[in-house]
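Summary of structural features
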Amino acid sequence: MKKWLLLLIGMGILFTGCTSENTRTKATVETDTTIETKKSKTQSTKQTTTEMKQSVEANASESSITESSSEEVKNTLWDTNKASQLETFVPQWGKTLGQEYKSYNPQNNVSLYGTPLPSAVIDGNWKMAINEAPVTVQWSEDGTGNAGFNLVAVYSDVETGEYLGQHVYFFGFQNGQPKVYLTQQNQGNDKNYMYFNETQNQQLKQGFIDIVNGQTPQTPVVEESTQQATTTTTQSASSSAISSWEAAKETVLNNKALWIYESPDKNEANTNIIESTQYRKDLMQDENGEFYPVDISTDDIGNTVMNGGKQFRVYTDGRISQRIGMTNNFQMIK
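Quick caveat, the model's predicted, so the values are computed rather than measured.

**Quick word on the overall build of the chain**
Secondary structure summary: the chain contains six helices and 16 strands in total. The burial tally for the chain puts 35% of its 334 residues in the buried class. In the chain, 55% of the contacts between residues at least 6 apart in sequence involve partners at least 24 apart. Surface summary for the chain: the accessible area is close to 19600 Å², and the carbon and sulfur share equals 50%.

Written out as structure tokens, the structure is:
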């Protein structure tokens, strides 16, 4: 009897131990599974976070490249699109002055009284002088360069303009700023300078600036009514002021006290008229309006190159301008 009791007690202990071991094993498996699951989720989360970070960085990089590219395009001073805009603008602007302009370049020069431009100043055969100060010149496709003036476009009315009343405009950049310079030089000088001055025509200057800044310039329009009004105004002004070359000449001679003299000892009282040029009598036009050209030779021989010659422009409203020395700069004296 005691043997059976001991046997039952032993079997109970053994069964209880197995159950406990199974429970511990099951708990251990569940714990391990949970840990693995959490590790898997953590790794997945880390991977997703890394991928998102990489995606954000890639998008930021692409955005940076796009912005950089856009900034580069925006900062381009000159390109073919802007050149095309200028090619439309300048001829239309010229029509408002009754002038016809064409474009030129180093491979297609304009001959200004025998001087090929722009090649002559680019090659150094002539020196471009801005306000009488010489500067280096180079042709530039994008407006940049190491020269004092980076030239991007040339326009002239030489083929259709009045003799001695022709214009050559240089468009370019000086110290990174858009500039439009004009020359009408018709003779040489001992310095071999080609004199230029900044244009005083605000419409032309602003049109170039607008194009450079990526804006659409205000296109000049010559309407029939405007032409008729201009003609009527000019005729009215001419009838009340200067209406002929003879009247222009008389106006110049009557204002000798206002002349700019080359010799310090010369003035209106002791300057004698040698002759007045007769071959240029046609009404002409510049940025200040319509004028008659009057050339006077005197005994005021302060400059051996000019040899006493004085060039005047008498505008139909009575104003008078005089050429300063060998430059193309005319100064209003009345």
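Once the structure has been displayed, the description carries forward.
**A closer look at the confidence of the model for the chain**
Averaged over every residue, the pLDDT of the chain is 78; the share at 70 or more is 68%. Across the chain, strand β7 (residues 149-156) holds the top mean pLDDT of 98, while helix α5 (residues 224-240) sits lowest at 44. For the stretch residues 68-74, pLDDT sits under 50, and the model shows zero contacts to residues farther than four places along the chain or on other chains. Counting contacts from residues 224-240, a segment whose pLDDT is below 50, to residues more than four positions away or on other chains yields six contacts.

**Focus on helix α6 (residues 245-253)**
Along α6, the positions that sit buried rather than exposed are Trp245, Ala248, Thr251 and Val252. Within α6, the buried residues cover an arc of 120° as seen down the axis, which keeps them to one side. Contacts from the buried residues of α6 go to β11 (273-276), β13 (289-298), β14 (309-315) and β15 (320-323).

**Let's talk about helix α2 (residues 80-95)**
With 16 residues, α2 extends 24 Å between its outermost C-alpha atoms, agreeing within 8% with the 22 Å of an ideal straight helix rising 1.5 Å per residue. Those residues of α2 that sit buried are Lys82, Leu86, Phe89, Val90, Trp93 and Gly94. The arc that holds the buried residues of α2, viewed along the axis, is 125°, so those residues lie on one side. In α2, those exposed residues whose orientation departs by more than 90 degrees from the buried face are Thr80, Asn81, Thr88 and Lys95. Contacts from the buried residues of α2 go to β7, β8 (168-174) and α4 (202-212). Between the side-chain oxygen of the N-cap and the backbone nitrogen of Asn81 there are 3.2 Å, and the N-cap of α2 in question is Asp79.

**Digging into the pattern of salt bridges**
Enumeration over the complete set of coordinates arrives at seven salt bridges. A salt bridge links Glu198 to Lys179; the nearest nitrogen and oxygen atoms lie 3.9 Å apart. Placement of Glu198 in strand β10 (residues 193-198) and of Lys179 in strand β9 (residues 177-183) is noted, with a sequence separation of 19 residues between them. The exposure class assigned to Glu198 is partly exposed, which follows from its relative accessible area of 29%. Via salt bridges that share partners, Lys179, Glu198 and Lys205 belong to a single interconnected network.

**Some details on the packing of aromatic side chains**
A complete count under the given rule lists 13 aromatic pairs for this structure. Relative to Phe208, the ring of Trp78 lies with its centre 5.6 Å away and its plane at 55°, an arrangement referred to as tilted. You can see Trp78 sitting in the loop between α1 (2-74) and α2 and its partner Phe208 sitting in helix α4, a full 130 residues away along the chain. Of the two residues, Trp78 and Phe208, both sit in the buried class. A ring pair is formed by Trp93 and Tyr169, whose centres lie 5.6 Å apart and whose planes are at 85°; its orientation type is edge-to-face. Taken together, the residues Trp93 in helix α2 and Tyr169 in strand β8 connect sequence positions 76 residues apart. Taken together through their ring pairs, the aromatic side chains of Trp78, Tyr155, Phe171, Phe173 and Phe208 make up a single cluster. A cation over a ring is seen here: Arg313 above Phe330, with NZ or CZ 3.9 Å from the ring centre. For the cation-ring pair, Arg319 lies above Tyr315, with the distance from its terminal atom to the ring centre recorded as 4.7 Å.

Reading guide: rules and limits
- Residues numbered from 1 in each chain as written.
- Predicted model: local features only at pLDDT ≥ 70, side-chain atom pairs only at ≥ 80, totals over all residues.
- Heavy atoms only, no water.
- Helix = DSSP H or I, 4+ residues; strand = E, 2+ residues; numbered from the N terminus.
- Buried < 20%, exposed > 50% of the residue type's maximum accessible area, 1.4 Å probe, protein only.
- Contact = heavy atoms within 4.5 Å.
- Areas by Shrake-Rupley, 256 points an atom, 1.4 Å probe, with all protein chains shown as cover.
- pLDDT = per-residue confidence, 0-100.
- Arc of directions from axis to C-beta.
- Expected span 1.5 Å × (residues − 1).
- Polar contact = N/O pair within 3.5 Å; in protein donor to acceptor, adjacent residues only side chain to side chain.
- Salt bridge = Lys/Arg side-chain N within 4 Å of Asp/Glu carboxyl O.
- Phe/Tyr/Trp six-rings, centres within 6.5 Å; stacked < 30°, edge-to-face > 60°.
- Lys NZ or Arg CZ within 6 Å of the ring centre and 35° of its normal.

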